[in-house]
Amino acid sequence: MAKALGIITSSGTHIRVEGMQEYRPIGAFSFLGRYRVIDFPISNMSNSGIDHIQVYVRRKPRSLAEHLGTGRHYNINSKRGKLQLLFAEHSSENDIYNTDIAYFMENIELIERSHLPYVVIAPNYMIYAQDYSALLNAHIESGADITLLYHSVDNAKEAFLNCDILNLNKQKGVESIEKNRGSAKNRNIFMDTYIMKKDLFIELIHKARKMSSMITLPQIVNASCGELDIRGIAHRGYFATITDFKSYFDANISLIDIKTAQNLFNPEWPIYTRTNDSCPTQYFDGAEIRNSVVSNGCLIEGTVENCVIGRGCEIKKGAVVKNSVILANSVICEDVHLENQVVDKWAKITKGREIISDPQAPGYIRRDDVL
Amino acid sequence: MKQNNMLAMILAGGRGSRLHELTNKVAKPAVSYGGKYRIVDFPLSNCANSGIDIVGVLTQYESVLLNSYVAAGGRWGLDARESGVFVLPPREKADSDLDVYRGTADAIAQNIDFIDQYSPEYVLILSGDHIYKMNYAKMLAYHKEMKADATIAVIEVPMKEASRFGIMNTDEAGHIVEFEEKPEHPKSNLASMGIYIFDWKLLRKMLLADMKDPDSHHDFGKDIIPDLLADGKTLVAYKYKGYWKDVGTIDSLWEANMDLLDSNNELDLNDPTWKIYTEDTPALPQYIGPDAKINKAFITQGCIVEGEVTNSVLFTGSTVGEGAKIIDSVLMPGVEVEAGAVVQRALVADGVKIGKDAVVGSADSEHIELVSKRVKGVE
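The following paragraphs examine the structure supplied in this document. (Residues numbered from 1 in each chain as written. Chains lettered and ligands numbered in written order. Predicted model: local features only at pLDDT ≥ 70, side-chain atom pairs only at ≥ 80, totals over all residues. Heavy atoms only, no water.)

Evaluated as defined, the whole model comprises 2 cavities of 30 Å³ or more. One number sums up the size of the largest cavity: a volume of about 100 Å³. Contributing to the lining of the largest cavity are 14 residues, with Arg34, Ser278, Asn296 and Arg311 of chain A together with Gln301 of chain B lying nearest its centre. Residue composition of the lining of the largest cavity, by class: 2 nonpolar, 7 polar and 5 charged. What the second largest cavity holds in volume is close to 30 Å³. The wall of the second largest cavity is formed by Thr275 and Asp277 of chain A together with Lys36, Thr278, Glu279, Asp280, Thr281 and Gln301 of chain B. (1 Å grid on protein atoms, 1.4 Å probe; cavity = no way out; pocket = protein on both sides within 12 Å on 5 of 7 lines; lining within 4 Å. Points joined across faces, edges and corners; volume = space filled by probe spheres on them. Nonpolar A, V, L, I, M, F, W, Y, C, P; charged D, E, K, R; others polar.)

Structure follows, in structure tokens:
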């Protein structure tokens, strides 16, 4: 059992995933067929022995509330553990004031009441595996006030443009947190993951409130770089952010490669999700399927190449689906040709339709649409 | 109980010795089936879907895995208040020594105290080793409508196979007039499915008498049903139409898996209104590699296919290496087939490894080959 309260944050107002996010928060996005994005931070916490977890949601909580349920499927002790879904009920009409600090402030008593001395804060829009108890130990041993997790990348010019970066000194001390403006290839992408004492966290929330109602957690931490000992720890392994539509598409497609997937999934570090009790997938005579990740409950009769297929999808005879992410319960009818698409849940592409987009600008087919 | 005043008792103590090594360490109801299920998931899910809240599971042979498996009633939604799955192995009692269940009827008789706690009006007796979907609520409605003392579910079997079953001879109204166990010259083709609804008060009385009868086999088919008929009780046959399989042998277990490959298979595990529930595993979705070829297959989560799969069923976490070929076969959970190996007309048992380039089974074998030990690769 770790000595930390787990806090899972919602994406800030600067992050927007076209289409998908109109229906649900990023944490509730379907990911790699059978998962939702939030399964990753919650499983990381659960596997790290963190069994008191607060999940913050800014808006459209329905799908998240349904998915999390009692939290039992995350292997959290059903008596000692607790998974709380916390809403920002008094959110402002003007989204600029709906900061993470605002929703922490709204639920501050619940944070104060926790008996756990530390907090581990992780976002619901990033995909990675991380042992937080090892991180917490490293944090305690280092004597730092705050530890931040980052991932070094060499493509920060064209990717991670919605993320923050850490500027580190040679001793891994954090000198500042700033926006990635795409001005350099090699950057330390901040994984919006923090470890600190709970009391310091509460202090920062109050301090931020006093400064401005628009200030965010990374901003107040950045403002504290001079007076606090803030250090970075590098994360290794698979890392993806879901911070715009293209990054959602790319993260799904990247994990079709099993070697890449093995950098994220480890039998010793299971990623839990809510079961749907779907039966196995049935492949019919004439189905052609290559290089794809397929969930249960599908009926596949057509050609599927380089795709992620969600639960309960139908790919009918003569259909060709390439390089696409098909979410649960979609139906791709006879002789349809799809390339480079994200097809949202319950959509139906009728017989003979051809929808092909540029791989650099994948298309989006809305939930419940019949095309 | 509140819903229909009926509780279910599942007979799950049998070994299923014709399944050979598959039942060395587990009872037949715990044998894997259909990619992600165990056989006992079928009666348990049917109970849950039929609105039955209390289910007793009578276990005896190699029951360690089965006991812990069924005890997690939440898997089937049977974990609400006043609902549950109760594991009932033989036990020592204040007034009797520990004794094995001497037969199907004795297993229920030894648990009269358990059933009495709920004072049900009806008791449903089920077998833990059959694969089928059935709404027991409809059967109960029929039992009530016919004002029966006992109702037995029957299925029409081909006349030439009828002598393999317990056959019910009925009159025009559906009343059972005669029961014949594996008759040489069957008069009807209505086979008993081993599914009974009894009025509890009556059954209770019969069981108490049967326990004391030194000549009894303590069996529902051999003793209780004939006794009820002899007593002139009203027994009716409830005709079931649909998929029903008793997988007694390796060939029939293989066949029942192969049935799932048919696009119009009667069992239809994909029906959202009658799902079959099972253990949840945190396995990945299935991974189909860049050079994989899949033609007619039933594949579940956790599988990694890099070779060819034709007309086969792959269970949770089984893997097929590059260039390997799986033809007309069943790979049980966790089977690992290494690169270049060929598996044909075989049923590979849980966790067995087939080494590189090895060949098991053959296209023209009379029976399905059961592979239950590691097969070494070709050096």
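There is more to say after this.
Bringing the pattern of salt bridges into the picture now. Throughout the structure, instances matching the rule amount to 30 salt bridges over all chains. Of the charged contacts, one joins Arg290 of chain A and Glu288 of chain A as a salt bridge, the two residues approaching to 3.4 Å between their closest N and O atoms. A salt bridge links Arg102 of chain B to Asp106 of chain B; the shortest N-O distance between them is 3.1 Å. Via salt bridges that share partners, Arg62, Glu66 and Arg274 of chain A belong to a single interconnected network. (Salt bridge = Lys/Arg side-chain N within 4 Å of Asp/Glu carboxyl O.)

A word on the packing of aromatic side chains. Residues and elements named next belong to chain A. Applying the stated rule across the entire model yields 25 aromatic pairs over all chains. A ring pair is formed by Phe160 and Phe239, whose centres lie 5.6 Å apart and whose planes are at 5°; its orientation type is stacked. Taken together, the positions of Phe160 in the loop between strand 8 (146-153) and strand 9 (164-168) and Phe239 in strand 13 (residues 239-241) put the pair 79 residues apart, joining distant regions of the chain. Each member of the pair Phe160 and Phe239 is classed as buried. Over the face of the ring belonging to Tyr35 we find Arg34, whose NZ or CZ atom lies 5.5 Å from the ring centre. (Phe/Tyr/Trp six-rings, centres within 6.5 Å; stacked < 30°, edge-to-face > 60°. Helix = DSSP H or I, 4+ residues; strand = E, 2+ residues; numbered from the N terminus. Buried < 20%, exposed > 50% of the residue type's maximum accessible area, 1.4 Å probe, protein only. Lys NZ or Arg CZ within 6 Å of the ring centre and 35° of its normal.)

As a further point, take unusual backbone geometry. Note: most peptide bonds trans; most residues except glycine with negative phi. You will see that Phe160 of chain A, though not glycine, has its phi angle at about 55°, which is positive. Residue Asp328 of chain B is not a glycine yet carries a positive backbone phi of 45°. Accessibility expressed as a relative area gives 22% for Asp328 of chain B, which makes it partly exposed.

As summarised here, the arrangement of the 10 strands in space is 28(A)-25(A)-22(A)-19(A)-16(A)-14(B)-16(B)-18(B)-21(B)-24(B), forming an open sheet in which the pairing is mixed. The open sheet has two edge strands with one neighbour each: strand 28 (363-365) of chain A together with strand 24 (353-354) of chain B. Judged from the 3 bridges that link them, strand 16 (residues 292-294) of chain A and strand 14 (residues 286-288) of chain B form a sheet pairing that is antiparallel. Across the sheet, Ser292 of chain A pairs through a bridge with Ile288 of chain B, a residue of strand 14 of chain B. (Pairing = 2+ DSSP bridges.)

This next bit is on the interface of chain B and chain A. If you look at the interface, chain B gives 37 residues, while chain A gives 37 residues. Both sides of the chain B and chain A interface together cover about 2900 Å² of buried area, and 50% of this is carbon and sulfur. At the junction of chain B and chain A, the tally comes to 1 salt bridge. One salt bridge connects Arg72 of chain A with Asp79 of chain B, and the closest N-O pair in it is separated by 3.9 Å. Viewed at the interface, chain A and chain B are joined by 19 residue pairs in polar contact (both at pLDDT 80 or more). With 6 residues, strand 15 (residues 293-299) of chain B is the single largest residue contributor to the side of chain B that touches chain A. Of the residues that constitute the side of chain B that touches chain A, the class distribution is 19 nonpolar, 12 polar and 6 charged. (Contact = heavy atoms within 4.5 Å. Buried area = accessible area lost by both parts, 1.4 Å probe. Polar contact = N/O pair within 3.5 Å; in protein donor to acceptor, adjacent residues only side chain to side chain.)

All names here are of chain A. In spatial order, the strands read 15-18-21-24-27; together these 5 strands make up an open sheet with parallel pairing. The sheet is open, and its two borders are formed by strand 15 (288-290) and strand 27 (354-356), each paired with just one other strand. Between one strand and the next, the sheet's axes are offset by a mean angle of 5°, whatever the strand orientation. As defined by bridge partners, strand 21 (residues 320-322) adjoins strand 24 (residues 337-339) across 3 bridges and the pair is classed as parallel. (Axes fitted to C-alpha atoms, helices over the stretch in contact; angles between N-to-C directions.)

Let us now look at a negative patch on the surface. A contiguous patch of negative charge on the surface is contributed by Asp213, Asp215, Asp227 and Asp231 of chain B. Here Asp231 of chain B lies in the loop between helix 7 (220-230) and strand 12 (235-240). (Patch = residues over 30% accessible without salt bridge, like charges linked within 9 Å, V, L, I, M, F, W, Y side chains within 5 Å. Areas by Shrake-Rupley, 256 points an atom, 1.4 Å probe, with all protein chains shown as cover. Lys, Arg positive; Asp, Glu negative; His and termini not counted. Charge placed at Lys NZ, Arg CZ, Asp CG, Glu CD.)

This part is about helix 5 (residues 136-145) of chain B. All names here are of chain B. Among all positions of helix 5, only Tyr136, Met139, Leu140 and His143 are buried. Buried residues of helix 5, viewed axially, fall in a sector of 100°; they line one side. Residues of helix 5 that are exposed and point more than 90 degrees away from the buried face comprise Lys138 and Glu145. In the segment just after helix 5, Lys147 is the residue with positive phi, at about 50°. (Arc of directions from axis to C-beta.)

Below, the discussion takes up the state of the cysteines. Residues and elements named next belong to chain A. For the coordinates displayed, the defined rule picks out 0 disulfides over all chains. Looking at the unpaired Cys163, the closest cysteine sulfur is the one in Cys225, lying at 18 Å. By relative accessible area, Cys163 is classed as buried at 3%. The thiol of Cys307 is not disulfide-bonded; the next cysteine sulfur, from Cys313, is found 10 Å away. Cys307 sits in the buried class, given a relative accessible area of 0%. (Disulfide = S-S within 2.5 Å.)

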